[in-house]
Amino acid sequence: MRIVSSITSEPRQNFVLDLDNNETVTIDLYYYPTQVSWYFDIEYKGYVNKGMKVVLAPNALRHIRNRIPFGIGFVASSLAEPCTLNTFADGTTLMVLLNQEDVDLFEESYYG
């Protein structure tokens, strides 16, 4: 599990993150002021998933956990959904990259 610490208050950001299996995932993170929300896209080995809303969740990619060997979690110091441009930059909300072991542990712990 790794915190993605390079997120700024820019409304559109791109990250290429290294996975534990020596592959990479590309994440586009973007803020829509008209929606007062953050969204993200992922691309992994030709698989693309776009337009996912950032919500507080231990694994926001749980719905595709059988297609990818990683997860992405969003956690916050409050119970409020991330809705400001500065929410990642000021540390209120964190994006966490989960490896396959983290995903499996989460599944076992919460869903048995």
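Before any of the text, the structure's been laid out above.
Residues numbered from 1 in each chain as written. Predicted model: local features only at pLDDT ≥ 70, side-chain atom pairs only at ≥ 80, totals over all residues. Heavy atoms only, no water.

Enquirer: Help me understand the sheet that holds strand S5 (residues 47-53), please; the structure alone is not making it clear to me.
Expert: Strand pairing in a sheet takes place through backbone hydrogen bonds and is either antiparallel or parallel in direction. Taken together, the four strands give an open sheet; going across it, the order is S2-S3-S4-S5, and neighbouring strands pair in antiparallel fashion. The sheet is open, and its two borders are formed by strand S2 (12-18) and S5, each paired with just one other strand. Between one strand axis and the next, the sheet turns by 15 degrees as a mean value, whatever way the strands run. Direction of pairing for strand S3 (residues 24-32) relative to strand S4 (residues 37-44): antiparallel, over a ladder of seven bridges. (Pairing = 2+ DSSP bridges. Helix = DSSP H or I, 4+ residues; strand = E, 2+ residues; numbered from the N terminus. Axes fitted to C-alpha atoms, helices over the stretch in contact; angles between N-to-C directions.)

Enquirer: How do you make sense of the nonpolar core when you look at a structure like this?
Expert: When a protein is soluble and globular, its nonpolar side chains tend to lie buried together. Among the nonpolar cores identified, the biggest contains 26 residues, and Phe40, Ile42, Leu61, Phe70 and Ile72 are the most heavily contacted of them. Elements represented by at least two residues in this core include exactly S2, S3, S4, S5, strand S6 (70-76) and strand S7 (93-99). Aside from chain neighbours lying at most four places away, what touches Ile42 is Val25, Thr26, Ile27, Tyr47, Val48, Asn49, Met52, Leu61, Ile64, Ile68, Phe70 and Ile72. (Core = buried A, V, L, I, M, F, W, Y, C linked by side-chain atoms within 4.5 Å. Buried < 20%, exposed > 50% of the residue type's maximum accessible area, 1.4 Å probe, protein only. Contact = heavy atoms within 4.5 Å.)

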